[in-house]
Amino acid sequence: MAVDGGSTSLHLPCVFSPKARQYLALCAQDGKLRVWNTDSKTLHQEYVPSAHLSATCMCIAWGPCRTVKEGPQRKKRKSETVGVEKKADLLAMGTAAGTVLIYSTVKGSLHCTLDEGHSGGVNCVQWHPLDSLLYSGSDDTNIVEWDLQTGKARSKWKADRAAVTSVCVSPDGKLLLSAGQIIKMWDLNTKEIYRKFTGHSTAVTTLCFATTRPPDSNSLYFLSGAAHDRLLSVWQVREDGKDKNSLVSFTLTDEPRHIDIITSNSKEEAVRLAVVCKDGQLHFFEHFLNGPCKKPLSPSCTVLMSDTKESPMPIPLLAAALTTDPRTVVLAYGNHLQPMMEKVEINTAERHVCLTRDVQTSLSLSMDTTVSKVKTPIVDTKCRVLVPGLPGHQAPVKGTSQGSEKRKKQTATKEMSIEERLCEINLSTASTAKGAPKGTASLQTDNFAVLLVQGLESNDANILNEVFQTRKEMVVRKTVARLPLSAVLPLVNELTNRLQGHPFTAVLMVRWLKAVLMHHTSYLVSLPDLVSQLGVLYHMIESRVRMFHKLTKLHGKLYLLTTQVATSNSSNTVSDIDHTAKLVYEEESSDEDEASADEGLPKEDSDHWEEDEVMEQNEGESAEEDSDKTEPKANGEEDMEHENESEEE
């Protein structure tokens, strides 16, 4: 049973078809739906929604397998009637515009569009296992039950205060799980809440049932995973309602992105689980759900994938599907534009398994002829093709073979001689005379566009280095704008090879690549083999930018630590402060106040005052001498007093 745990806008949806795992459906960065055949490893179908750029696909869910009539067939006899095999047909896609698209892989076209149900983007879709019903959760906090027979909403109810990020229907079709930050279990008959489960601090992105047992037997379990959470929680639905906390937790290396589970039907049967995390690693779990477990369970086996270069780089895993054989797994890895699919036997007895694959050699787009929408134009011999850019196409334009062989021989014999060709060129010296018209310009061999074309045709590294070393934006833009369309694709290939070199040269190549995409986007889009041409470039840029966010975080932390160390060192090296005053200022008014106070003494005690003054003068003669030296004289009255004292003595 393939489980899509509800997709968010942070990652691109990628889901295997149920049961046979024959198809892989995913939406890439360009907004297109691609269905790949896992057996032949080819692109089975491609669908471009009308609003694939504005209303991008946010989630995908395969419908239950059913019997579909592919076309008019003759009526079979009773002896020929054999059990018809059910196939995966319908595919539900939730968009950011609030609509749900139902695509039929058997017909290869859009089955119907479900709209007028949501006012916000659809975050998750889930099919009913028995009836032709579909459930969708949106940013408008509502859940809508769609009837596919009528193509209209059957019921709608408010499920949470925040956005509904994940929904899941029980195997018997009676219960529905929905989650924002709180997990709620609904009774689909009454549309009322049956249970509530709390424990996640962020939005729940993954919900799936782990058992097929009835809920009244205390044996119904389900899994939940949240954004930015490295744990998968297992919950039990009990009759007594004592199911507030999770029973078991599975430890992961990063946020879960894709989950595939094989449910258990009894307590003696273990649950098998394959989880693909955000960091591209695959974890296997196998556990018997028969009670609580205090410690988180670590994975029984972890699978990594890398390339075969000298310095190996990790290859991210996109999805994994379990099979009936416990050692066989279907893997999808690489990028979303052109994923690689492979059925691998993994020894789950080992704790860590590393798989090496050569992605560059196997990166080739192969498409079924019935799916290809690119038609080769049929051109008559009398017509003249004026469409630019034909040398870049892998499918050359071929004319119809309507003419006879005699005409071919006659046209082949009528070839121009060298003299006639020189006359047609008309490079006479008369054009350089004074009377020559100004319109005939001479050839410019120093033009960057001419040099670039010559370097690309001759594959001369010296010419290309001379052109690519320019740093002027205006020169780069004008050179790319003057290039003929036949040289655009070789230029892109040359830039791709040089981008894989030193980072200093990559900075210069990015300017040229930006100019090419600005001026020649319309031509590149018209190429039928664009994905194979630009697949290596996109994969390389994506692998280089992947670590940029983590490096910026590390740079910020290191900068914070260095600044703290520098400030602490500068505070320790501060010298002792000298507390001695550099300048002392005394006001003159203090001396004047002392002098006025001496004059205001009464005359009756003048004799006693003189005796006391003589005693004080004898005791502190040295102190008065120092004060006479340091303090300036305020006025002339003090001098007169000293003269009177000397006369009395």
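This structure is a prediction, so every number in the text was calculated from the model and none was measured. (Residues numbered from 1 in each chain as written. Predicted model: local features only at pLDDT ≥ 70, side-chain atom pairs only at ≥ 80, totals over all residues. Heavy atoms only, no water.)

Chemist: Let's hear about the overall build of the protein: which residues, and what values?
Modeler: When helices and strands are counted, the protein shows 15 helices and 31 strands. Per-residue burial for the protein yields a buried fraction of 39% across its 649 residues. Look at the contacts in the protein between residues 6 or more apart in sequence, and 51% of them connect residues 24 or more apart. Surface exposure of the protein reaches about 40,000 Å², of which carbon and sulfur atoms provide 52%. (Helix = DSSP H or I, 4+ residues; strand = E, 2+ residues; numbered from the N terminus. Buried < 20%, exposed > 50% of the residue type's maximum accessible area, 1.4 Å probe, protein only. Contact = heavy atoms within 4.5 Å. Areas by Shrake-Rupley, 256 points an atom, 1.4 Å probe, with all protein chains shown as cover.)

Chemist: How would you explain the sheet that holds strand β20 (residues 231-237) if you had to name every residue and give the values?
Modeler: The four strands are arranged β18-β19-β20-β21 in an open sheet whose pairing can be described as antiparallel. Looking at strand neighbours, the two that pair on one side only are β18 (204-209) and β21 (248-251), the edges of this open sheet. Adjacent strand axes in the sheet meet at a mean angle of 20° when their direction is disregarded. (Pairing = 2+ DSSP bridges. Axes fitted to C-alpha atoms, helices over the stretch in contact; angles between N-to-C directions.)

Chemist: Mind laying out the nonpolar core, listing which residues take part and the relevant values?
Modeler: Ranked by internal contacts, the top residues of the largest apolar core, which has 29 residues, are Leu 452, Phe 468, Leu 491, Leu 495, Leu 499, Trp 512 and Val 516. Mapped by element, the contributors of at least two residues to this core are α4 (448-458), α5 (461-468), α6 (473-481), α7 (488-499), α8 (503-519), α9 (521-525) and α10 (530-545). If one sorts the elements of this core by residue count, α8 sits on top with seven residues. Setting aside anything within four residues of it in sequence, one finds Leu 499 in contact with Ala 506, Met 509, Val 510, Leu 513, Leu 537, Met 540 and Arg 544. (Core = buried A, V, L, I, M, F, W, Y, C linked by side-chain atoms within 4.5 Å.)

Chemist: Residue-level account of the confidence of the model for the protein, with values.
Modeler: Per-residue confidence for the protein gives a mean pLDDT of 77; residues scoring 70 or more make up 72%. Put simply, strand β31 (residues 398-399) is where the protein has its lowest mean pLDDT, 43, and strand β14 (residues 166-169) is where it has its highest, 94. Per-residue pLDDT stays below 50 along residues 387-406; that stretch engages in 30 contacts with residues further than four places along the chain or on separate chains. (pLDDT = per-residue confidence, 0-100.)

Chemist: Go over the sheet that holds strand β11 (residues 133-138), please, and point to the residues and values.
Modeler: Pairing in this open sheet of four strands is antiparallel, and the strands run β10-β11-β12-β13 from one edge to the other. What marks the edges here is a single partner per strand, and that holds for β10 (122-127) and β13 (152-158). If you compare each strand with its neighbour and ignore which way they point, the axes differ by 20° on average.

Chemist: Describe the packing of aromatic side chains, listing the residues and the values that go with them.
Modeler: Under the definition given, this model contains nine aromatic pairs. For the pair Tyr 47 and Tyr 103, a centre-to-centre distance of 5.1 Å together with 35° between the ring planes defines the contact as tilted. Separated by 56 residues along the polypeptide, Tyr 47 in strand β5 (residues 42-47) and Tyr 103 in strand β8 (residues 100-104) bring together distant segments of the chain. Side by side, Tyr 47 and Tyr 103 carry an identical accessibility label, which is buried. Measuring from ring centre to ring centre gives 6.4 Å for Phe 222 and Trp 235, while their planes differ by 15°; the resulting arrangement is stacked. Of the two residues, Phe 222 is situated in strand β19 (residues 220-226) and Trp 235 in strand β20; the sequence distance between them amounts to 13 residues. Both residues of the pair, Phe 222 and Trp 235, belong to the buried class. Among the aromatic residues, those joined into a ring-pair cluster are Phe 197, Phe 209, Phe 222 and Trp 235. Of note, Arg 195 hangs over the ring of Tyr 194, and the distance from its end group to the ring centre comes to 4.8 Å. (Phe/Tyr/Trp six-rings, centres within 6.5 Å; stacked < 30°, edge-to-face > 60°. Lys NZ or Arg CZ within 6 Å of the ring centre and 35° of its normal.)

Chemist: So what's going on with the pairing of strand β9 (residues 109-114)? Residues and values would help.
Modeler: Bridge count between β8 and β9: five bridges; the pairing is antiparallel. Its bridge partner being in β9, Leu 101 is matched across the sheet by Thr 113.

Chemist: So, the pattern of salt bridges: which residues are in play, and what are the values?
Modeler: Once the charged atoms of two side chains with opposite charge are near each other, the side chains can pair. With the rule as written, the count across this model stands at eight salt bridges. Here Lys 191 and Glu 145 are joined by a salt bridge, their closest N and O atoms 3.5 Å apart. One end of the pair, Lys 191, is in the loop between β16 (183-187) and β17 (192-197); the other, Glu 145, is in strand β12 (residues 142-147), and 46 residues separate them in sequence. Looking at Lys 191, the relative accessible area reads 22%, which means it is partly exposed. (Salt bridge = Lys/Arg side-chain N within 4 Å of Asp/Glu carboxyl O.)

Chemist: Kindly report on a nonpolar patch on the surface, identifying the contributing residues and their values.
Modeler: A contiguous nonpolar patch, built from Met 547, Leu 551, Leu 554, Leu 558 and Leu 561 and spanning about 480 Å² of accessible area, is present on the exposed surface. Take Leu 561: it is sitting in helix α11 (residues 548-572). (Patch = residues over 30% accessible without salt bridge, like charges linked within 9 Å, V, L, I, M, F, W, Y side chains within 5 Å.)

Chemist: Just give me the short version of a positive patch on the surface, but keep the residues and values in it.
Modeler: A contiguous patch of positive charge on the surface is contributed by Arg 230, Lys 278, Lys 550, Lys 553 and Lys 557. Looking at where Lys 553 falls in the secondary structure, it is placed in helix α11. (Lys, Arg positive; Asp, Glu negative; His and termini not counted. Charge placed at Lys NZ, Arg CZ, Asp CG, Glu CD.)

Chemist: Could you give an account of α6, with specific residues and numbers?
Modeler: Among the residues making up α6, those that are buried are Val 476, Thr 479 and Val 480. All buried residues of α6 lie within an arc of 95° about the axis, which places them on one face of the element. Close packing links the buried residues of α6 with α4 and α8. (Arc of directions from axis to C-beta.)

Chemist: So, the pairing of strand β25 (residues 301-306): which residues are in play, and what are the values?
Modeler: Within β25, five of the six residues are buried, leaving the element largely enclosed by the surrounding structure. Alignment of strand β24 (residues 282-287) against β25, held across three bridges, turns out to be antiparallel. Bridged to Leu 282 within β25 is Val 303. Sheet analysis places β25 next to strand β29 (residues 352-356), joined by five bridges and oriented parallel. From the neighbouring strand, Thr 302 faces β29, where its bridge partner is His 352.

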